[in-house]
Amino acid sequence: MKSVFNGSVLCAVLGVASVAGAQEAAAPAAESVKAPSADAVRDTWNYFYKGQGQGPVLVEAKLCTEVAKEGPNKFECTAEVGPEGVKAGTSVMLWQSYLVPQGDSIDDLTVQVKQGNTVRETKDVKVKGDGWRARQWTGVKLAKPGSWTVVVMRGDQVLKEVPVKVL
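Nothing here was measured: the structure is a model prediction, and the numbers come from that model.

Student: Help me out: how do you make sense of the pairing of strand E7 (residues 146–154) in this one?
Tutor: Note on strand geometry: in a regular strand, side chains alternate between the two faces of the sheet. Here seven bridges tie strand E4 (residues 105–115) to E7, and the two strands are oriented antiparallel to one another. Directly across from Thr110, in E7, lies its bridge partner Met153. In the sheet, E7 pairs with strand E8 (residues 157–166) via nine bridges, with the strands oriented antiparallel. In the strand pairing of E8, Thr149 is matched with Pro163. Between E7 and the antiparallel strand that follows it, E8, lie two residues; Gly155 among them carries a positive phi value of about 65°.

Student: How should the state of the cysteines be read in this particular structure?
Tutor: Disulfide: a covalent bond formed between the sulfur atoms of two cysteine residues. Counting across every chain of the model gives one disulfide. Two residues share a disulfide in this structure: Cys64 and Cys77, whose sulfurs sit 2.0 Å from each other. Across the S-S bond linking Cys64 and Cys77, the dihedral sits near -120°, which makes this disulfide left-handed. Taken together, the residues Cys64 in strand E1 (residues 57–67) and Cys77 in strand E2 (residues 77–80) connect sequence positions 13 residues apart. Taking the relative accessible area as the measure of exposure, Cys64 reaches 0% and is therefore buried.

Student: Explanation requested: the sheet that holds strand E6 (residues 134–141) in the structure shown.
Tutor: Neighbouring strands of a sheet are bound in pairs by backbone hydrogen bonds; such pairs are parallel or else antiparallel. Pairing is antiparallel across the open sheet formed by four strands, whose spatial order is E2-E1-E3-E6. Since the sheet does not close on itself, it has two edges, and those belong to E2 and E6, each with one partner. Between one strand and the next, the sheet's axes are offset by a mean angle of 40°, whatever the strand orientation. As defined by bridge partners, strand E3 (residues 91–99) adjoins E6 across eight bridges and the pair is classed as antiparallel. What sits directly across from Val92, in E6, is Val140.

Student: I keep staring at the packing of aromatic side chains and nothing clicks. Help me out?
Tutor: In this description, a pair of aromatic rings is defined by centroid distance and the angle of the planes. Summed over the entire model, instances satisfying the criterion amount to four aromatic pairs. Ring centres 6.0 Å apart and planes at 85° place the aromatic pair Tyr49 and Trp132 in the edge-to-face group. One end of the pair, Tyr49, is in helix H2 (residues 38–50); the other, Trp132, is in the loop between strand E5 (118–128) and E6, with 83 residues separating them in the sequence. On the basis of relative accessibility, which here comes to 43%, the residue Trp132 falls in the partly exposed class. In textbook terms, an aromatic cluster arises when at least three aromatic residues are bridged by ring pairs, as seen for Phe48, Tyr49 and Trp132. Across the ring face of Trp95, the terminal group of Lys62 is positioned such that the distance to the ring centre comes to 5.2 Å.

What counts, and where the lines are drawn
Residues numbered from 1 in each chain as written. Predicted model: local features only at pLDDT ≥ 70, side-chain atom pairs only at ≥ 80, totals over all residues. Heavy atoms only, no water. Pairing = 2+ DSSP bridges. Helix = DSSP H or I, 4+ residues; strand = E, 2+ residues; numbered from the N terminus. Disulfide = S-S within 2.5 Å. Buried < 20%, exposed > 50% of the residue type's maximum accessible area, 1.4 Å probe, protein only. Axes fitted to C-alpha atoms, helices over the stretch in contact; angles between N-to-C directions. Phe/Tyr/Trp six-rings, centres within 6.5 Å; stacked < 30°, edge-to-face > 60°. Lys NZ or Arg CZ within 6 Å of the ring centre and 35° of its normal.

Written out as structure tokens, the structure reads:
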């Protein structure tokens, strides 16, 4: 009886493995990325697990016209605003990616939208250290033609400025 059970388990495992292998083969080829150094990985682990109270690290911020809601690119910016800019009145989002120490909750981030030197809009941003990457996208209005800047701030500190032309 035991050998029949073991044989059934082996068949089930091999069946699942072959299906998984077929799914891997059908999946698009993964993008080649450079492996980080051991020191970079260690520093990241230490910050995530032991950096509570030190605030977030803004890893990336970009203006997008689309963020995927499902599929393999879920929560990723799938249509970035190019150097040519956008038409006045276009809905855009400032997509942000942070590393936040595990268990921390950050609520003193803001996104400012400026036309020239004039602040047109300010929005609060909150992120939590629930996983390796905290992503957030904040909708902004670029109503009039001109040179605009979308700024990510923590308190008075500027973390990133993203310039955009509005036509």
